[in-house]
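So the chains spell out like this:
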Amino acid sequence: MNISVIGAGQMGAGIAQVFAAAGHNVSLNDINQAAIDRGIAAIASSLDRIVRKEKITEDDKNATLARIAGYTDLAEGVGKADLVIEAATENVDLKLKIFAQLDSLAPAAAPLATNTSSISITKIAAATKRPEKVIGMHFMNPVPVMKLVEVIRGYATDDATTKLVMDLSRELGKTPTEVNDYPGFVANRILMPMINEAITTLFEGVAGVEEIDTVMKLGMAHPMGPLQLADYIGLDTCLAILNVMKDGFGRAHHQPSPLLVNMVMAGKLGRKSGEGFYDYSGGGKELVVSGSFR
């Protein structure tokens, strides 16, 4: 199949990698060549790690990279797609704009999937003239490692589109799980209030960063503490998801912590910016607690 991925960031690059590794031809689309180059470099680095672990060969790596082509012209990138997967920033207006463009540029038979982690599939589908072919295909981060794909049907999504996405997910070695179209779906509806409460616990001085993460790792058997996980997801993404759920449900526990809001305004976004609850500026794997959190 010809797979078109919109967005060459961390998620888009990961999605492109797993499809190319499974033998599909992938067009990786972004607004400029620099973004595409970074995405392909990230894929090559990820594949190098897999080669070092002796899970694939150097020839496998090269074959995977050869199946990925970058495009800055959206019309050219999606013109021959059998499936389009959007992996842009978690911003409602941006996604609606992209889907309106995709609807006019992609082949009429091509399903349009979104990797959104919280935004209504039904709302996104309404920006197109093919709502029956619009579906959520929410990969987990990091895409090459995590097995889950949340498959979200919008109000009009048809059975054929759902079956295609479920079958393709299994072909990639993933476990697709069908869920209904409500804010945050399942993963983030449960995860984000927990992360938000961990941030509020820090903000109120109940415990420090390491202490909160240690309690959740050792006491609740979580592989990663909620504050470290927030850094990994991106604090701006966490804030965007919480705002979607706050608007969708109107519940108090979806109100973002003031500390989270301030950190995002200050540009402390986690790993992507080099600093969040932990400091990543040294480039090493050891976590160093960042500055004051008030």
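Residues numbered from 1 in each chain as written. Predicted model: local features only at pLDDT ≥ 70, side-chain atom pairs only at ≥ 80, totals over all residues. Heavy atoms only, no water.

**Brief notes about the overall build of the protein**
Phase 1 of the analysis: Across its full length, the protein carries 12 helices and 10 strands.
Phase 2 of the analysis: For the protein, the C-alpha radius of gyration of 19 Å lies close to 19 Å, the compact-globule estimate for 294 residues.
Phase 3 of the analysis: Taking the principal axes of the C-alpha coordinates as reference, the protein spans close to 55 × 45 × 35 Å.
Phase 4 of the analysis: Across the 294 residues of the protein, 46% fall into the buried class.
Phase 5 of the analysis: Of the contacts formed within the protein by residues at least 6 apart in sequence, a portion of 64% connects residues at least 24 apart.
Phase 6 of the analysis: With an accessible surface of roughly 13800 Å², the protein has 54% of that area assigned to carbon and sulfur atoms.
Phase 7 of the analysis: Here the protein contributes 28 positive and 33 negative side-chain charges, whose respective centroids are spaced 1 Å apart. (Helix = DSSP H or I, 4+ residues; strand = E, 2+ residues; numbered from the N terminus. Rg over C-alpha atoms; globule rule 2.2 N^0.38 Å. Buried < 20%, exposed > 50% of the residue type's maximum accessible area, 1.4 Å probe, protein only. Contact = heavy atoms within 4.5 Å. Areas by Shrake-Rupley, 256 points an atom, 1.4 Å probe, with all protein chains shown as cover. Lys, Arg positive; Asp, Glu negative; His and termini not counted. Charge placed at Lys NZ, Arg CZ, Asp CG, Glu CD.)

**Looking at the pairing of strand β6 (residues 134–139)**
Phase 1 of the analysis: Burial analysis of β6 places 6 of its 6 residues in the buried class, which makes it a mostly covered element.
Phase 2 of the analysis: Because side chains alternate across β6, one face comprises the buried residues Val134, Gly136 and His138, and the other comprises Ile135, Met137 and Phe139, equally buried.
Phase 3 of the analysis: As paired elements, strand β5 (residues 112–114) and β6 share 3 bridges and run parallel to each other. Considered in β6, the bridge of Leu112 is made with Val134.
Phase 4 of the analysis: Relative to strand β7 (residues 148–153), β6 runs antiparallel, the two sharing 5 bridges. Looking at the pairing, Met137 lines up with Val151 of β7. (Pairing = 2+ DSSP bridges.)

**Concerning the nonpolar core**
Phase 1 of the analysis: Residues Ile15, Phe19, Val26, Ile85, Met137 and Phe139 are the most contacted members of the largest nonpolar core, which totals 29 residues.
Phase 2 of the analysis: Of all the secondary structure elements, the ones that give two or more residues to this core are β1 (2–6), α1 (10–21), β2 (25–29), α2 (33–52), β4 (83–86), β6, β7 and α7 (159–171).
Phase 3 of the analysis: Element by element, the count of residues in this core is highest for α1, at 7 residues.
Phase 4 of the analysis: Sequence-distant contacts of Met137, that is, excluding residues within four places in its chain, are made with Phe19, Ile85, Ala113, Thr114, Asn115, Val149, Glu150, Val165 and Ser169. (Core = buried A, V, L, I, M, F, W, Y, C linked by side-chain atoms within 4.5 Å.)

**Here we look at the packing of helix α10 (residues 226–233) against helix α11 (residues 235–249)**
Phase 1 of the analysis: Running from N to C, α10 and α11 cross one another at 95 degrees; their axes reach a closest spacing of 6 Å. Here α10 is positioned roughly perpendicular relative to α11, judged by the angle of their axes. Along the contact surface, α10 presents Ala230, Asp231 and Ile233, while α11 presents Leu235, Thr237 and Cys238.
Phase 2 of the analysis: When its residues are assigned to classes, the contact of α10 with α11 shows 4 nonpolar, 1 polar and 1 charged. (Axes fitted to C-alpha atoms, helices over the stretch in contact; angles between N-to-C directions. Parallel < 35°, antiparallel > 145°, perpendicular 65-115°, else oblique. Nonpolar A, V, L, I, M, F, W, Y, C, P; charged D, E, K, R; others polar.)

**Examining the UniProt feature "site: Important for catalytic activity" (unreviewed entry) in the protein**
Phase 1 of the analysis: With numbering matched to this structure, UniProt assigns "site: Important for catalytic activity" (unreviewed entry) to His138.
Phase 2 of the analysis: Inspection of the secondary structure puts His138 in strand β6.
Phase 3 of the analysis: Look past the residues within four positions of His138 in its chain and what remains in contact with it is Thr114, Asn115, Thr116, Ser117, Leu148, Val149, Glu150, Ile152 and Asn188.
Phase 4 of the analysis: Of the polar contacts made by the side chain of His138, one reaches the side chain of Glu150; its length is 2.8 Å. (UniProt positions renumbered as here; feature names shortened; annotations may be inferred. Polar contact = N/O pair within 3.5 Å; in protein donor to acceptor, adjacent residues only side chain to side chain.)

**Description of the pattern of salt bridges**
Phase 1 of the analysis: Scanning the model with the defined rule gives 10 salt bridges in all.
Phase 2 of the analysis: The partner of Lys95 in a salt bridge is Glu86, and the shortest N-O contact between them spans 2.4 Å.
Phase 3 of the analysis: Overall, Lys95 belongs to the buried group, its relative accessible area being 1%.
Phase 4 of the analysis: We classify Glu86 as buried; its relative accessible area is 0%.
Phase 5 of the analysis: The partner of Arg153 in a salt bridge is Asp159, and the shortest N-O contact between them spans 2.8 Å. (Salt bridge = Lys/Arg side-chain N within 4 Å of Asp/Glu carboxyl O.)

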